[in-house]
Amino acid sequence: MQAIYAQNNLAQVQIRQLYNELEHQKDEFSQVKAERDALRNSTGNIYDVLVNRENELSALRASEERNIRRFTELEQECERLRAVIDQYIQLFQEKEKELAQLKVADVKNTQKILELNRESDKLQSAIEQFSQKIKESDPDAHRQGDLRNAKKSVRSHGIVRDLANAAEKRILLVDDDSDFSKMLEDLLREIGYTVIGIAANGEQAIAMAGRESSLDLILVDIHIDGDLDGIETARQIRGLYGTPTIFMTAHADDETILRVVMTESDGYLVKPINRQELFANVEMAIHKKRRKDTYTEPRAFIAP
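Residues numbered from 1 in each chain as written. Predicted model: local features only at pLDDT ≥ 70, side-chain atom pairs only at ≥ 80, totals over all residues. Heavy atoms only, no water.

**Side note on the packing of aromatic side chains**
Inference 1: One pass over the full model with this rule turns up 0 aromatic pairs.
Inference 2: Here the guanidinium or amino end of lysine 271 rests over the ring plane of phenylalanine 180, the centre of that ring lying 4.1 Å away. (Phe/Tyr/Trp six-rings, centres within 6.5 Å; stacked < 30°, edge-to-face > 60°. Lys NZ or Arg CZ within 6 Å of the ring centre and 35° of its normal.)

Next up, the structure:
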């Protein structure tokens, strides 16, 4: 009986050992399972990260391709701009040469104008002497046919003028910049011209020109305030009264220059105004006007 009891105790001990081993294996299995699940989750996260990185890499490649295309376009645009700049440089150099030639021509024209003025003064003096001789020889001749014959003789020299206003050269300024207008007025008066007034807009300029019976020239800025710009103002005044015009501007585009050409202007000055260029343009315009008047006005004046 004791042997059976001992065997039973031994069997229970063995059973407890087996149970303990089973529990230990169960714990190890749970641990292995947990490690497997953790590894599986870790693998899934890595996969997601890899997918995200692939997407980012694809986006970067697409962005790089766009940047390459844009860079190529910018390079082409730069080449085009370089070509345009080269053209402008060449054009600028040509214009500089033209400007130098024009300055030389202006100097020559100024000298020619001075010579013509001296000749005009001499002929004017001859007119006065001739008229004085007529008065001394026959006091009534200058009021009758002899005066007409004298004027016809003088007209052949191309200088028949209103003797009272022959030396006075009357100019109208049109500019909405009061400071510039005053400066230009002082410069013109210093040279020896008569400034009959300053108009700030086209409507005022047309009205002032209409009130003047002996206006020689209009100096008008292209860009003035009001409904009429300088070009349209000059066109209307020329159409109404035939007064010559010299345009002034600080800048002008191709369309504006074309409009200036179409108005048949008598000169073009770029601000700031150069005294020599101003004198040459004004003298040439007034000389052309008075020479034209020589062959038009006297016909009605000396008609029998």
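Let's pick the thread back up.
**Quick notes on helix α5 (residues 230–241)**
Inference 1: Over its 12 residues, α5 extends 16 Å from the first C-alpha to the last, a length consistent with the 16 Å expected when each residue adds 1.5 Å.
Inference 2: Burial in α5 covers these residues: Gly230, Ile231, Thr233, Ala234 and Ile237. Viewed along the axis of α5, the buried residues span an arc of 160°, placing them on a single side of the element. Those residues of α5 that are exposed and aimed more than 90 degrees away from the buried face are Gly239 and Leu240.
Inference 3: Looking at the buried positions of α5, the neighbouring elements they touch are α4 (202–211), β3 (217–221), β4 (245–249) and α6 (254–262). (Helix = DSSP H or I, 4+ residues; strand = E, 2+ residues; numbered from the N terminus. Expected span 1.5 Å × (residues − 1). Buried < 20%, exposed > 50% of the residue type's maximum accessible area, 1.4 Å probe, protein only. Arc of directions from axis to C-beta. Contact = heavy atoms within 4.5 Å.)

**Looking at the nonpolar core**
Inference 1: In terms of nonpolar packing, the biggest core is built from 19 residues, with Ile171, Leu184, Leu188, Leu219, Leu278 and Val282 touching the most fellow members.
Inference 2: Secondary structure elements with two or more residues in this core: β1 (170–174), α3 (178–191), β3, β4 and α7 (275–294).
Inference 3: With 5 residues, α7 is the single largest residue contributor to this core.
Inference 4: Discounting residues that sit within four places of it in the chain, leucine 188 has contacts with Ile171, Leu173, Tyr193, Val195, Leu219 and Leu278.
Inference 5: Core analysis: the second largest hydrophobic core is formed by 18 residues, Leu215, Ile218, Ile224 and Ala234 among them. (Core = buried A, V, L, I, M, F, W, Y, C linked by side-chain atoms within 4.5 Å.)

**Regarding the packing of α3 against α7**
Inference 1: Here α3 crosses α7 at 65°, and the two axes come no closer than 11 Å. When the axis of α3 is compared with that of α7, the two are roughly perpendicular. Of the two possible hands of crossing, α3 and α7 adopt the one that is right-handed. Here α3 contributes Leu184, Leu187, Leu188, Glu190 and Ile191 to the contact with α7, which in turn contributes Arg275, Leu278 and Phe279.
Inference 2: Of the residues assigned to the contact of α3 with α7, the class counts are 6 nonpolar, no polar and 2 charged. (Axes fitted to C-alpha atoms, helices over the stretch in contact; angles between N-to-C directions. Parallel < 35°, antiparallel > 145°, perpendicular 65-115°, else oblique. Left-handed = near helix turned anticlockwise from the far one by under 90°. Nonpolar A, V, L, I, M, F, W, Y, C, P; charged D, E, K, R; others polar.)

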